[in-house]
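Spelled out from the first residue to the last, the chains are:
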Amino acid sequence: MSAVAAPAARGLLLTFDDRHVREWDAVRPLLREYDARVTFFVCEPDRLDRDERRLLRGLADDGHSIGCHGLRHRRAPGFIAEHGERAYLEQEVLPCLAELRALGCRADSFAYPNSDRDERSDRLLLTLFSRLRAGAPGAGRADPALADALHVPGEEIASRRVLPSTSADTGRGAALHGSDLSGIEASLTRASRQGGFVTLYVHCVSDGHPHANYVTPDHLRRLLGRAAAVDLPRLGFDDLPPTSKDCATDA
Ligand SMILES: [Zn+2]
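Residues numbered from 1 in each chain as written. Predicted model: local features only at pLDDT ≥ 70, side-chain atom pairs only at ≥ 80, totals over all residues. Heavy atoms only, no water.

Going by what an unreviewed UniProt entry lists, the protein chain is known as NodB homology domain-containing protein and is assigned to Wenjunlia vitaminophila.

### Focus on the coordination of the zinc ion
Note the threshold: Counted as donors are the N, O and S atoms within 2.8 Å of the metal, or 3.2 Å for Na, K and Ca, while water is not among the atoms, so some sites may look incomplete. Secondary structure counts use DSSP, requiring at least four H or I residues in a row for a helix and at least two E residues in a row for a strand, with both numbered from the N terminus. Remark: exposure states derive from per-residue accessible area (1.4 Å probe, protein chains only) relative to the maximum for the residue type, with buried under 20%, exposed over 50%, and partly exposed in between.
Binding of the zinc ion to the protein goes through Asp 18 (OD), His 69 (NE2) and His 73 (NE2), at separations of 2.0 to 2.2 Å. Taken in sequence order, the residues that donate to the zinc ion follow the motif D-x50-H-x3-H. Of this pair, Asp 18 sits in strand β1 (residues 11–18) while His 69 sits in the loop between β3 (65–68) and α4 (76–83), and the two are 51 residues apart along the sequence. Judged by relative accessible area, which is 1%, His 69 ranks as buried.

### Comments concerning the sheet that holds strand β10 (residues 175–176)
What counts is decided by this rule: Pairing between two strands requires that DSSP report at least two bridges joining them.
With respect to topology, four strands assemble into an open sheet ordered β10-β9-β13-β12, the strand pairing being mixed. Each having just a single partner strand, β10 and β12 (204–205) make up the two edges of the open sheet. Examined bridge by bridge, strand β9 (residues 171–172) and strand β13 (residues 213–215) share two bridges and lie antiparallel to one another. From the neighbouring strand, Arg 172 faces β13, where its bridge partner is Asn 213.

### Let's talk about the side chain of Glu 44
Which entries qualify depends on this criterion: Polar contacts here mean pairs of N or O atoms no more than 3.5 Å apart (in protein, one a potential hydrogen donor and the other a potential acceptor; neighbouring residues in sequence count only if both atoms are side-chain atoms).
Among the secondary structure elements, Glu 44 is positioned in the loop between β2 (39–42) and α3 (50–61). Side-chain polar atoms of Glu 44 contact the side chain of Arg 19, separated by 2.8 Å.

### A short note on the pairing of strand β11 (residues 196–202)
Among the seven residues in β11, seven count as buried, and that is most of the element. Residues Gly 196, Val 198, Leu 200 and Val 202 of β11 are buried on one face, and the alternating residues Phe 197, Thr 199 and Tyr 201, pointing to the opposite face, are buried as well. Relative to β11, β1 runs parallel, the two being bridged by six bridges. Across the sheet, Thr 15 pairs through a bridge with Tyr 201, a residue of β11. In terms of strand pairing, strand β6 (residues 152–153) meets β11 through two bridges, oriented antiparallel. By the bridge assignment, Val 152 is partnered in β11 with Phe 197. Where strand β8 (residues 166–167) and β11 come together, two bridges link them in parallel fashion. Residue pairing in the sheet places Ser 167 in a bridge with Tyr 201 of β11.

### Examining the packing of aromatic side chains
To keep things clear, this is the line we draw: In summary, the pairing rule links any two rings of Phe, Tyr or Trp, Trp by its six-membered ring, whose centres are within 6.5 Å, and it sorts them by plane angle into stacked for under 30 degrees, edge-to-face for over 60 and tilted for everything else.
Under the defined criterion, the tally for this structure stands at seven aromatic pairs. Ring plane angle 85° and centroid distance 5.4 Å describe the contact between Phe 41 and Phe 237, whose orientation is recorded as edge-to-face. Taken together, the residues Phe 41 in strand β2 and Phe 237 in the segment after β14 (234–235) connect sequence positions 196 residues apart. Classification of Phe 41 by relative accessible area gives buried; the value is 0%. The structure contains a cluster of three or more aromatic residues connected by ring pairs, namely Phe 16, Trp 24 and Phe 40.

### A short note on the UniProt feature "domain: NodB homology" (unreviewed entry) in the protein chain
To keep things clear, this is the line we draw: UniProt positions are given in the numbering used here, feature names are shortened, and annotations may be inferred rather than shown by experiment.
Under the feature "domain: NodB homology" (unreviewed entry), the UniProt entry names residues 10–121. Annotation note: span residues 10–121, helix share 47%, strand share 17%, distance between end C-alpha atoms 27 Å.

### Overview of the pattern of salt bridges
How we decide: Salt bridge criterion: a side-chain nitrogen from Lys or Arg within 4 Å of a carboxyl oxygen from Asp or Glu.
Here the structure, examined in full by the defined rule, presents 26 salt bridges. With a shortest N-O distance of 2.5 Å, Arg 57 and Asp 61 are connected by a salt bridge. Pair noted here: Arg 57 and Asp 61 are both in helix α3, with a separation of four residues, about one helical turn. The partner of Arg 106 in a salt bridge is Asp 238, with the nearest N and O atoms 3.8 Å apart. Here Arg 106, found in the loop between α5 (85–102) and β4 (109–111), pairs with Asp 238, found in the segment after β14; they are 132 residues apart in sequence, far enough to count as distant. Residue classification places Arg 106 among the partly exposed positions, given a relative accessible area of 48%. According to the relative accessible area criterion, Asp 238 is partly exposed, its value standing at 23%.

The following block contains the structure:
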């Protein structure tokens, strides 16, 4: 028996949403520099052109995880309430999965569009995916209390199948989200010290965007640098230990 305890399970799960594949591809060197594996949650994969498909495949080949974000970015609870569970799966989820798997991606996780979810949608989607990414209600990115809302203890990662997350974007269109990341930074420090996981999401990577959510390359570097400084591994969803699929949801 080893006298040294195994290192606590911990990591930053940085995720990128929608289908900004060209901009994501452009930060491959930055991700490599920080030894970062991340997760790309893709919507509208059927609308990717041939080049974007090739680039997405390249990101997967770099070791990044590719997840599902819905065929048309529909809000799950509303769609299910209006059209039923079967229609939701058949129109929104299964075609997206099929496209991603045709590209050779595992697509074993799902991120809720607009972080909109409920227990019914969790139950339904957990029949198809190992893990779901949800929002984290409450504290803002500058609030130290955010660390509580985001923290998933390392020993719970195999049983937690719905992971809280918050935005780390710089802005959306002309609006800036504020540069104070102290709440996010507190989350990273806590995860490193106590053992645990923090999930963040961003969208396009750019110095600005006319309408979409975006993170600037500088801002991205700051996040990755902070995780590296506190020795928090940068992981993709596919790097997490397998889930115990019988576990109840606990979002
Ligand atoms: Zn989205």
